[in-house]
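# Structural overview
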Amino acid sequence: MSEAQTLADKLRRMALFAEIVDSGSISAAARRLGSTPSAVSQQLRLLERSLGLVLLHRSTRRLTLTEAGERYYPACAAMVAQARSADLALERLRDEPEGELRLAAPIGFGDLLASALEPLRRHPRLHLHLLLDDTPIDLIAERVDLALRVGRFTDSALVARRLGELQRVLCAAPRYLAERGWPRHPGELEGHDWLGLPPRSGAVTTLVFQGPDAVRAEVRVEPRVLASQVTVLEALALEGWGLYVGMRDDVRAALDDGRLVPVLPEWRLEPAAVFAVTPRRDEQPAKVRHALRALQAHFGLREG
């Protein structure tokens, strides 16, 4: 028998000894444990044999602790209490959101998260740690519980749940278009200056447009300017550096006041899929389950 198995058997018998003392008799302990008096007695004898000491004086009427039993019982009872406490702590973690929820998302998702995660305010034992960065981070290395990712998702080492879609818009500053010309068709986008996030693989990004009469067009884009944050890209677009593909919600204010204008308004870019991503594991703690439900509800309302 391995050392680990021997220790496991010893711990079970220590817990059984504590149960016998707490119950007041071997038969009562057997009933509480769903066992038989003979099986409980046998385990007690094995424990005493391993210790080389008698723990209980047995009589037809009662059990009495020996001196060794009196010294041994507090440690056994404390072990059982610690195990029960550990179970209760995990039950709370499983059933009630608490502890630190580390959630990663693109920078532009700040307002969305503030709204979507509002239901989590009702759980005072939960602490929220938001890691906002437009460059995807390593969920394992950064101990991230949940991340939001936009676009195609291909990482098989993680679990992804599709939440919904975000509309994208091709836009630019009026001054840039006045200088470089207004494209009327996706085929006229070649030769324009582009602004974009660093691609995850390769140097070329392909944009897919849906046009009038369901015409589909693909445009290969190699940005003139790369930046790791969309706030910087929007600022560059406002200064006339080039064409920018932004999430409609992020650039809505600039479009409304004319600082940016839509390019090819009759052509619609494919929307960007939004995924909730977690490290691969079977069971999620309550904090992650509640956050996922809140995000799913939020995107459900957006799509409705």
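Located above this text is the structure these notes cover.
The sections below set out a description of the structure shown in this document. For clarity, every value in this text was computed on a predicted model and none was experimentally measured.

## Quick word on the overall build of the chain
Counting its regular elements, the chain contains nine helices and 15 strands. For a compact globule of 304 residues, the expected C-alpha radius of gyration is about 19 Å, and the chain comes in at 32 Å, more than 25% above that figure. Seen along its three principal axes, the alpha-carbon backbone of the chain occupies a region of about 100 × 40 × 35 Å. Counting contacts in the chain only where the partners sit at least 6 residues apart, residues at least 24 apart contribute 73% of the total. Split by element, the accessible area of the chain, about 17600 Å² in all, is 51% carbon and sulfur. Charged side chains of the chain number 41 positive and 40 negative; the gap between the two group centres comes to 9 Å.

## Quick notes on the environment of Gln82
Tracing the backbone through its elements, the reader meets Gln82 in helix H4 (residues 67-95). Owing to a relative accessible area of 57%, Gln82 belongs among the exposed residues under this scheme. The sequence separation of Gln82 and Val21 amounts to 61 residues, and the corresponding C-alpha distance is 17 Å.

## Let's talk about the environment of Val225
When you line up the elements, Val225 lands in strand E11 (residues 225-226). For the pair Val225 and Pro198, spaced 27 residues apart in sequence, the C-alpha separation works out to 9.2 Å. Contacts of Val225, omitting those with residues within four sequence positions, involve Trp194, Leu195, Gly196, Leu233, Leu236 and Trp241.

## Topic: the packing of helix H2 (residues 26-33) against helix H3 (residues 37-51)
Two elements in contact, H2 and H3, have axes separated by 8 Å at closest approach and are oriented at 105 degrees. It follows that H2 is roughly perpendicular to H3 by the angle criterion. Two secondary-structure elements touch here, H2 through Ile26, Ser27 and Ala30 and H3 through Pro37, Val40, Ser41 and Leu44. Here the residues of the contact of H2 with H3 are counted per class, giving five nonpolar, two polar and no charged.

## Quick word on the sheet that holds strand E14 (residues 268-269)
Read across the open sheet, the three strands follow the order E10-E9-E14; overall the sheet is antiparallel. Edge positions in the sheet fall to strand E10 (216-221) and E14, since each has one partner strand and no second. Where strand E9 (residues 205-210) and E10 come together, six bridges link them in antiparallel fashion. Following the sheet pairing, Val208 is matched in E10 by Glu218.

## Examining the pattern of salt bridges
Under the defined criterion, the tally for this structure stands at 17 salt bridges. Note that Arg122 and Glu118 form a salt bridge whose closest N and O atoms lie 3.9 Å from each other. Relative accessible area serves as the criterion here: at 62%, Arg122 is assigned to the exposed category. A salt bridge links Glu239 to Arg175, with the nearest nitrogen and oxygen atoms 3.9 Å apart. A residue pair is termed long-range when its members are at least 10 positions apart, and Glu239 in the loop between helix H7 (230-238) and strand E12 (243-247) and Arg175 in helix H6 (residues 174-180) qualify at 64 residues.

## As for the pairing of strand E4 (residues 126-132)
In the sheet, strand E3 (residues 99-105) pairs with E4 via seven bridges, with the strands oriented parallel. The residue of E4 that forms the bridge with Arg102 is His129. The parallel pair E3 and E4 is bridged by helix H5 (residues 110-116), and the resulting crossover is right-handed.

## Overview of the sheet that holds strand E8 (residues 194-196)
Read from one edge of the open sheet, five strands run E11-E8-E12-E7-E13, paired in mixed fashion. One side of each edge strand has no neighbouring strand; the edge strands of this open sheet are E11 and strand E13 (261-262). Bridge analysis of E8 against E12 gives two bridges, and the strand direction is parallel. When the sheet's bridge partners are listed, Trp194 is paired in E12 with Leu243. Lying over the sheet, helix H8 (residues 248-256) contacts strand E7 (168-172), E12 and E13, oriented at roughly 120 degrees with respect to E12.

## Considerations on the layout of surface pockets
Approximately 220 Å³ is the volume found for the second largest pocket. Lining the second largest pocket are 12 residues, with Gly108, Asp111, Leu112, Asp249 and Asp250 positioned closest to its centre. When residues in the lining of the second largest pocket are grouped by element, the largest group, three residues, is from H5. A per-class count over the lining of the second largest pocket returns five nonpolar, three polar and four charged.

Rules behind the numbers
Residues numbered from 1 in each chain as written. Predicted model: local features only at pLDDT ≥ 70, side-chain atom pairs only at ≥ 80, totals over all residues. Heavy atoms only, no water. Helix = DSSP H or I, 4+ residues; strand = E, 2+ residues; numbered from the N terminus. Rg over C-alpha atoms; globule rule 2.2 N^0.38 Å. Contact = heavy atoms within 4.5 Å. Areas by Shrake-Rupley, 256 points an atom, 1.4 Å probe, with all protein chains shown as cover. Lys, Arg positive; Asp, Glu negative; His and termini not counted. Charge placed at Lys NZ, Arg CZ, Asp CG, Glu CD. Buried < 20%, exposed > 50% of the residue type's maximum accessible area, 1.4 Å probe, protein only. Axes fitted to C-alpha atoms, helices over the stretch in contact; angles between N-to-C directions. Parallel < 35°, antiparallel > 145°, perpendicular 65-115°, else oblique. Nonpolar A, V, L, I, M, F, W, Y, C, P; charged D, E, K, R; others polar. Pairing = 2+ DSSP bridges. Salt bridge = Lys/Arg side-chain N within 4 Å of Asp/Glu carboxyl O. Right-handed = clockwise from strand over helix to strand, strands pointing away. 1 Å grid on protein atoms, 1.4 Å probe; cavity = no way out; pocket = protein on both sides within 12 Å on 5 of 7 lines; lining within 4 Å. Points joined across faces, edges and corners; volume = space filled by probe spheres on them.

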